[in-house]
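# Understanding the architecture of this molecule
Each chain, written out:
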Amino acid sequence: MKSVRWVLALVVAGLLVLSGCSIPGANVAATVNGVDIPSSRIESAVAAIGSSPGQLAEPHAIVLTWAIRGEVARTIAAEQGIQLTGEPRTALMSTNQSLEQYAKVPQAADFVNDLIDATLVINKVGEAPFVAKVAETNVQVNPRFGAWSAQTVTVDQTGGQLSVPWTAPSTPAP
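A short tour of the structure in this document, coming up. Keep in mind that what you see is a predicted model, and the values were worked out from it rather than measured.

### Details of the packing of aromatic side chains
Across all of its chains, the model carries zero aromatic pairs by this definition. Cation over ring: Arg69 sits above Trp66, and NZ or CZ is 4.5 Å from the ring centre.

### Overview of the sheet that holds strand 1 (residues 28–32)
In any sheet, the strands associate via hydrogen bonds between backbone groups, in a parallel or an antiparallel arrangement. Strand order in this open sheet of three strands is 2-1-3, and the pairing throughout is antiparallel. In the strand order of this sheet, the two ends are held by strand 2 (35–38) and strand 3 (139–141), each with one partner. Sheet twist, expressed as the average angle between the axes of neighbouring strands with direction ignored, equals 15 degrees. Sheet analysis places strand 1 next to strand 2, joined by four bridges and oriented antiparallel. Residue pairing in the sheet places Ala30 in a bridge with Ile37 of strand 2. Lying on the sheet, helix 2 (residues 39–50) is in contact with strand 1 and strand 2; it crosses strand 2 at an angle near 40 degrees. The strands touched by helix 3 (residues 59–80) within the sheet are strand 1, strand 2 and strand 3, with strand 1 carrying the most contacts at an inclination of about 30 degrees.

### Digging into the nonpolar core
Ranked by internal contacts, the top residues of the largest apolar core, which has 42 residues, are Ile42, Leu64, Ile68, Val141 and Trp148. Among the secondary structure elements, those contributing two or more residues to this core are strand 1, helix 2, helix 3, helix 4 (87–94), helix 5 (97–103), helix 6 (109–125), helix 7 (127–135) and strand 3. At 10 residues, the largest contribution of residues to this core is made by helix 3.

### Observations regarding helix 6
Between its terminal C-alpha atoms helix 6 stretches 24 Å, which fits the 24 Å expected from 17 residues at 1.5 Å a residue. Taken together, the buried positions of helix 6 are occupied by Phe111, Val112, Asp114, Leu115, Ile116, Asp117, Ala118, Thr119, Leu120 and Val121. The inward-facing, buried residues of helix 6 abut helix 2, helix 3, helix 4, helix 5 and helix 7. Gly126 sits one or two positions beyond helix 6 and adopts a positive phi of about 100 degrees.

### A few points about the packing of helix 4 against helix 6
It is the contact of helix 4 with helix 6, at a shortest axis distance of 10 Å, that shows an interaxial angle of 110 degrees. The angle between helix 4 and helix 6 falls in the class roughly perpendicular. Contact with helix 4, carried on its side by Pro88, Arg89, Leu92 and Met93, involves Val112, Asn113, Ile116, Asp117, Thr119 and Leu120 of helix 6 and no other residues of that element.

### Side note on helix 7
When we look at burial in helix 7, the residues that qualify are Phe130, Lys133 and Val134. End-on, the buried residues of helix 7 take up no more than an arc of 100 degrees, which puts them together on one face. For helix 7, the secondary structure elements touched by its buried residues are helix 3, helix 6 and strand 4 (147–149).

### So, the pattern of salt bridges
A complete count under the given rule lists eight salt bridges for this structure. Of the charged contacts, one joins Arg41 and Asp110 as a salt bridge, the two residues approaching to 3.7 Å between their closest N and O atoms. On the criterion of sequence distance, the pair formed by Arg41 in helix 2 and Asp110 in helix 6 is long-range, its members being 69 residues apart. Residue Arg41 is classed as buried on the basis of its relative accessible area of 18%. Asp117 is paired through a salt bridge with Arg89; the nearest N and O atoms lie 2.9 Å apart.

### What to know about the pairing of strand 1
Counting buried positions over the five residues of strand 1 gives five, a clear majority of the element. Pairing geometry for strand 1 and strand 3, over three bridges, is antiparallel. Paired with Thr31 across the two strands is Gln140, which belongs to strand 3.

Calculation rules
Residues numbered from 1 in each chain as written. Predicted model: local features only at pLDDT ≥ 70, side-chain atom pairs only at ≥ 80, totals over all residues. Heavy atoms only, no water. Phe/Tyr/Trp six-rings, centres within 6.5 Å; stacked < 30°, edge-to-face > 60°. Lys NZ or Arg CZ within 6 Å of the ring centre and 35° of its normal. Pairing = 2+ DSSP bridges. Helix = DSSP H or I, 4+ residues; strand = E, 2+ residues; numbered from the N terminus. Axes fitted to C-alpha atoms, helices over the stretch in contact; angles between N-to-C directions. Contact = heavy atoms within 4.5 Å. Core = buried A, V, L, I, M, F, W, Y, C linked by side-chain atoms within 4.5 Å. Buried < 20%, exposed > 50% of the residue type's maximum accessible area, 1.4 Å probe, protein only. Expected span 1.5 Å × (residues − 1). Parallel < 35°, antiparallel > 145°, perpendicular 65-115°, else oblique. Arc of directions from axis to C-beta. Salt bridge = Lys/Arg side-chain N within 4 Å of Asp/Glu carboxyl O.

This is the structure we're talking about:
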């Protein structure tokens, strides 16, 4: 009888560990092929961009969309040897004054990098192959930010539930 209890306890403990590993934390905006995009990264970029002229519509969805696209773009760039630094990056930055402006704001740097990386890869491989790669990518979005659409390669806020947490935080927020 004791051995049955131990086996049952081990199975339950194993399931708890596995389920804990499969659910990203409450402080994660999205997970792309196992890579977490922290909510703080999205919030800081929205705060930086939102205070600038030409406020974005649905800024959280836009920033998170580009964060996801940027992560996929870096995967494609690594697989295909696409250069994301140096001259290609500088040339793209010089075509858009807003990008240059946002690049100077530390909180918006990740947003600018995501946007540039995705744009460079899309320009190199084409939009259809990029969208196809995104469609096969494992993307999970925190429902507070919306829902991921592989067809449109965007975060759709209409499905988001800002009042419902993704998971219960394990530690209280500071």
